[in-house]
Amino acid sequence: MNKLQINNISIHRFFMRSCVWNFKEYPEEEVRQYFSKKRNTLLDLTEIQDTPLFEDIRDIFISIFVNKKPCSYRGKAFPSFMYLAEFMNAYGYDSFAEITDPMKTSEEWLQFWSAKGKIYLQDYVQVINNSLFIINEFRDTHSGLDRNYWELEKMGINEERINKTVSNQSINFWRIQNVANRELVKSWMKYLVGTTELSVATITNHYSRLSIFVNSIGEKSLLDVTNEDIKQYRAVSQFSSDRNNHFANTVQQFYKFLSVKQIYTDAIPVLKNDYVNNDYTFKSNLVSQDIIFQLFWHIHELPDDYLLIFLIDLFTGIRISDICQLELNCIYQNEHGYFLCHDVQKMQDVGGIPIAKELYELLVKRIKYIKSLDYEEKYLFPSVKKKNYPFNSQTYSNSMKRYVRSWGIKTDDGDEYNFVTHAFRHTISTELYRLGMSSTLIQIGILHHKEIQMSMKYIEIDAETQRQARKSVGLNAKSDLIDKVISENATALPNGFCGMPHMMHCPNMNACLKCEFFRTSIEFLDVHKQYLETVNERIKSYETNGYEQNLAFALEEKRHLELIIAKLEEIGGNSNVTEGNKTTS
């Protein structure tokens, strides 16, 4: 709600009729009762009457009381807002428009409170930034996607795209200081929100990475950015390989959008060498049996909801965000057994997974408890702050880390065990594969990935299976027959093996199918077929959207895949290979 939309005359009169506000006399009963128990309820702004600063302070307080932004009047930071006028006068600011360096002003704000003897300042750190934001947002007369602050959950986006178990569901364009650049970024965000099916989390991550880069170039137009700007930013940021590649991908996609819209006509400033190879050293993501035994010695100490979330995570491998969004109708049973149904938010799909009778009975008990609440609740694990809203997945993860740390659980090496919810997803996938379940069934029935390549990354192939594949007759990247797939020290891949010597630097950024060191065999035939289906779907999308560069790469990838598949099927036919569950990938 902006300034023009507030139609409560009594609230307007309270904040405008005088320069002295006594919150014990606020026009709403609930507010009056709250402040009747407080000592500091009077704010005298007589000294700044009829000034721009008075208007700034007034609009901040109207937003606090009407919109509960940037905080509620019950919030820990609220008392500090009572001193904004005193601070601004003390440091010579006649209005918030005079703040040109928010970081410097925030430092002055903390100094102001330190001088008053305030020691704990954590709740006050963001007050200046939040005040600047709320003044701009409160006075913004635009509507819908033309506004500079988007609350994505309220914009009619499909629920499947929104992960309600995380906090950040908004985009604040006010953070981009250059207005022209802000509008360019906003145009891309409009496209991602309105035209694509990307999840809100993916879109906000794109915005976060791009906005920081945009502010780093200052007043320079995004239309004048060159590869030198990209290189300089990467050098200063000192990203890890993963963060570097995420950044490069975001900027590349942004400029592709501008190019398609004919807003940007130069060569895209992100080049191939702006991507770097992963700093990869193999580290198992599995949770060992010993760790699980140690956890079971203590899980009775968990609250009931935490205990059930943990058991679902352990025995199903469902993403923690999807567990927190389970609804009351999530279970059923038939002649085949007991099942747990869930929305796969990341893939915008519905998944079902078989579960043990004991887990089913615990879920039945939980459903009965939620139905006994004094209101009608939608979720199996409701938020503690908001009715009919799911529990925050990050709260669960952080709390579990604290519980596990307090239990003193150690790894085989004697190190402190770091609890990661996603590790159980890797663990159950690997265990099922080792017990004979095919990777395709794991992909479809357990992990619910769209691509087999992704599912194979969750499966840590055991040494015996690797030895079998290494001994097989196979192919290299040119589809030439080789007697032995690769040497014993080769790195296992989802679709074969990498024979590159370990001291060498990978030149191909995961483009394995064209790499001279790539090797594959009959054991990976199904993986290649699944991936070919994915590539064909991408080709249709690229053709529709006119992504010529992506299309050329996908067509080349398809050519390699078809050649590999044909050769592997020939090998299989000639050797009468029978694929069993254990060797089919």
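The shown structure was predicted, so the numbers you read here are calculated from the model rather than taken from an experiment.

Colleague: Sorry if this is basic, but what is going on with the overall build of the protein chain here?
Modeller: Each helix and strand in the protein chain was counted, giving 22 helices and 12 strands. By the burial criterion, 48% of the 585 residues in the protein chain qualify as buried. Of the contacts made within the protein chain by residues no fewer than 6 positions apart, 61% connect residues no fewer than 24 positions apart. When the accessible area of the protein chain is evaluated, it comes to approximately 31000 Å², of which 50% is carbon and sulfur surface.

Colleague: Just checking my understanding: could you explain the side chain of T427 for this structure?
Modeller: Among the structural elements, T427 can be located in helix α17 (residues 423-434). Filtering out sequence-adjacent residues up to four positions away, T427 remains in contact with N285, L286 and V287.

Colleague: Even after reading the chapter, I still don't get the packing of α17 against helix α18 (residues 439-447), so can you show me in this structure?
Modeller: The relative placement of two packed helices is expressed as an angle between their axes plus a distance between the axes. The interhelical angle for the contact between α17 and α18, taken along N-to-C directions, is 140°, at an axis separation of 10 Å. Judged on the interaxial angle alone, α18 and α17 are oblique. Crossing of α17 over α18 shows right-handed handedness. Packed against α17, whose contacting residues are R425, I428, S429, L432 and Y433, the element α18 presents S439, I442, I446 and L447 at the interface. Taken together, the residues of the contact of α17 with α18 sort by class into 6 nonpolar, 2 polar and 1 charged.

Colleague: Please clarify how unusual backbone geometry should be interpreted in this entry.
Modeller: Both trends apply: most residues other than glycine have a negative phi, and most peptide bonds are in trans. Across the junction of K69 and P70, the peptide omega takes the value 5°, indicating a cis bond. Note that P70 resides in the loop between α3 (52-67) and α4 (78-81). The phi dihedral of D50 is positive, around 60°, even though this residue is not glycine. Here D50 falls in the exposed class, since its relative accessible area comes to 71%. Of note in this structure, Q262 is not a glycine but carries a positive phi near 60°. By the element assignment, Q262 lies in the loop between α11 (241-260) and α12 (289-296).

Colleague: Help me understand α12, please; the structure alone is not making it clear to me.
Modeller: Note on helix geometry: an α-helix contains 3.6 residues per turn, so any two residues three or four positions apart are oriented the same way. Every buried residue belonging to α12 is among I291, I292 and L295, and all of these are buried. One face of α12 carries all of its buried residues, which in axial projection span an arc of 100°. Contact partners of the buried residues in α12: α13 (304-316), α16 (393-407) and α17.

Colleague: Can you help me understand the nonpolar core in this one?
Modeller: Note on soluble globular proteins: their nonpolar side chains tend to be buried together. In this structure, L295, F310, I312 and L340 are the most contacted members of the largest nonpolar core, which totals 50 residues. Within the residue set of this core, elements represented by two or more residues are α12, α13, α14 (320-324), β7 (349-355), α15 (357-371), α16, α17 and α18. With 7 residues, α13 is the largest single contributor of residues to this core. When sequence neighbours within four positions are dropped, the list of residues in contact with L295 reads F310, V404, W407, I409, Y417 and F424. Counting 47 residues, the second-largest nonpolar core is a separate cluster that includes L43, L53, I60 and F112.

Colleague: Please clarify how the confidence of the model for the protein chain should be interpreted in this entry.
Modeller: Fine structural detail should not be taken from predicted coordinates in areas where pLDDT scores are low. Across the protein chain, the average pLDDT comes to 83, with 83% of residues at or above 70. Residue range residues 501-510 is modelled with pLDDT below 50. Its contacts to residues more than four positions away, or to other chains, number 15 contacts. Taken together, the stretch residues 576-585 has pLDDT below 50 and engages in 25 contacts with residues farther than four places along the chain or on a different chain.

Colleague: Where do I start with the environment of I217 in this structure?
Modeller: Mapped onto the elements of the fold, I217 is located in the loop between α9 (200-216) and α10 (227-237). Of the residues examined, I217 reaches a relative accessible area of 15% and is grouped as buried. On a C-alpha basis, the gap between I217 and I230 in space is 9.8 Å, while along the polypeptide they are 13 residues apart. Setting aside residues up to four positions removed in sequence, I217 forms contacts with N181, L222 and V225.

Colleague: What is the right way to look at the packing of aromatic side chains in this model?
Modeller: The geometry of two aromatic rings is summed up by the distance between their centres and the angle between their planes. In the structure shown here, the tally under the stated rule is 46 aromatic pairs. On the basis of an interplanar angle of 35° and a centroid distance of 5.9 Å, the ring pair of F35 and Y73 is categorised as tilted. Within this pair, whereas F35 is found in helix α2 (residues 29-36), its partner Y73 is found in the loop between α3 and α4, the two being separated by 38 residues in sequence. Across the pair, Y73 and F35 agree in class, each one buried.

Conventions and cut-offs
- Residues numbered from 1 in each chain as written.
- Predicted model: local features only at pLDDT ≥ 70, side-chain atom pairs only at ≥ 80, totals over all residues.
- Heavy atoms only, no water.
- Helix = DSSP H or I, 4+ residues; strand = E, 2+ residues; numbered from the N terminus.
- Buried < 20%, exposed > 50% of the residue type's maximum accessible area, 1.4 Å probe, protein only.
- Contact = heavy atoms within 4.5 Å.
- Areas by Shrake-Rupley, 256 points an atom, 1.4 Å probe, with all protein chains shown as cover.
- Axes fitted to C-alpha atoms, helices over the stretch in contact; angles between N-to-C directions.
- Parallel < 35°, antiparallel > 145°, perpendicular 65-115°, else oblique.
- Left-handed = near helix turned anticlockwise from the far one by under 90°.
- Nonpolar A, V, L, I, M, F, W, Y, C, P; charged D, E, K, R; others polar.
- Arc of directions from axis to C-beta.
- Core = buried A, V, L, I, M, F, W, Y, C linked by side-chain atoms within 4.5 Å.
- pLDDT = per-residue confidence, 0-100.
- Phe/Tyr/Trp six-rings, centres within 6.5 Å; stacked < 30°, edge-to-face > 60°.

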